[in-house]
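# Structural features, examined
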Amino acid sequence: MTTATAHPNIALVKYWGKQLVRGNFPATANVSITLSDLVTTTTLTDAANDRVTLNGAPADDPKINSFLGLLRESFDIGPLHIDTRNNFPTGAGLASSASGFAALITAINAHTNLGLDTQALSGWARQGSASAARSLYAGFVSLAPPDWQAEVIADAQHWPLATVVAVTDEAAKSVSSSVGMEYSRRTSPYYDHWVGSSGQDHAAAVQAIHERNFDALANTAELSCLKMHSVMLTSQPTLAYWNPATVACMDTVRRLRKNGVAVFFTIDAGPQVKAICLPQYTDTVSQALADTDGVTRTIQCGMGAGAQVLASA
Ligand code: DP6
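To start, this report covers the structure provided alongside it. (Residues numbered from 1 in each chain as written. Predicted model: local features only at pLDDT ≥ 70, side-chain atom pairs only at ≥ 80, totals over all residues. Heavy atoms only, no water.)

### Remarks on the site of the ligand
- Neighbouring the ligand are 18 residues, the closest being K18, K63, S129, S131 and S178.
- Between the ligand and the protein, one listed contact pairs an oxygen atom with a side-chain N or O atom of S97 at 3.3 Å.
- One of the side-chain nitrogen or oxygen atoms of S178 is found 2.5 Å away from an oxygen atom of the ligand.
- Residue composition of the shell around the ligand, grouped by class: seven nonpolar, six polar and five charged. (Near = heavy atom within 4 Å. Polar contact = N/O pair within 3.5 Å; in protein donor to acceptor, adjacent residues only side chain to side chain. Nonpolar A, V, L, I, M, F, W, Y, C, P; charged D, E, K, R; others polar.)

### As for the sheet that holds strand β7 (residues 80–86)
- The mixed open sheet is built from six strands, whose spatial order is β6-β5-β7-β4-β1-β14. In the strand order of this sheet, the two ends are held by β6 (57–59) and β14 (308–312), each with one partner. Direction aside, neighbouring strands of the sheet carry axes that sit 25 degrees apart on average.
- Examined bridge by bridge, strand β4 (residues 40–46) and β7 share seven bridges and lie antiparallel to one another. If you follow T45 over to β7, its bridge partner there is H81.
- On the sheet, helix α2 (residues 96–111) packs against β1 (2–6), β4, β7 and β14 and is oriented at approximately 35 degrees with respect to β4. (Pairing = 2+ DSSP bridges. Helix = DSSP H or I, 4+ residues; strand = E, 2+ residues; numbered from the N terminus. Axes fitted to C-alpha atoms, helices over the stretch in contact; angles between N-to-C directions. Contact = heavy atoms within 4.5 Å.)

### Some remarks on the environment of G294
- Note that G294 resides in the loop between α8 (282–290) and β13 (297–301).
- For G294, a relative accessible area of 45% puts it in the partly exposed group.
- Sequence separation between G294 and D50 is 244 residues; the distance between their C-alpha atoms is 40 Å.
- With residues near it in sequence (within four places) discarded, G294 still touches V167, T168 and A245. (Buried < 20%, exposed > 50% of the residue type's maximum accessible area, 1.4 Å probe, protein only.)

Structure, rendered in structure tokens:
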């Protein structure tokens, strides 16, 4: 039996769209921070047939099935019971696939003695879900050309930012990221500009992180988020992930920032808002978001660890 954990990560410069090559490579350069507090815990046991349980209930996840199929083209991996648990809403724009595939490949590597190093694990995780490549690592993580290997550009101690997640709806999203990205590539009139300008956003974010320049990072991250959502909204069918509370939270964050609080927002493929702030503002940001109409709860996170094996026997 082997247990591994991984944390979700939040992209500050977004991945949305895939390269038209095998291997699930992003079309846009992206940068994330790995979160603490939210965690996926995955336990593997040998079984007669493959079986997946998610938060205790049987699950049939096509992405996990095809990931196992892909791994078995290269490695001898017997049938497994995969028990995976999230301490946060699954499939609701909180990066459960990132922590999920990072924990899964980390557990499989230990359980079946594949002997892969972190970089190789990250490459495999990317094939399960590209954002998962980043959750192998702690700190500020880049996934960018030319080699599209996730790498740490600064560790958590360099700039320990805090994240407050404003949960506005715990339901799983109706359109998965993979399907949504394909709609966007095929139909959004803004897609080419989005892809073409991502290198610039990535470079600006990397520089802001190195210089610990909060305003520069805030402007770049919010712009990347809003460009991605513009592409989503102009896809056909439209990808409208926001609800009224999402918009209200964006207004709350803008108001705080205008009043001198170092905070910015980012939103992924779901209606939750993540407010990234300097740690001394965590309670102020949390309270303001909790008081915003439609917010059901807030979750405070710091910077989390990379994926790790907890126990293997
Ligand atoms: C909006 O990594 O879930 O969260 O590779 O198809 O599994 P697949 O997509 P996924 O997409 C994440 C998109 C995002 C932005 C980001 O995390 O960079």
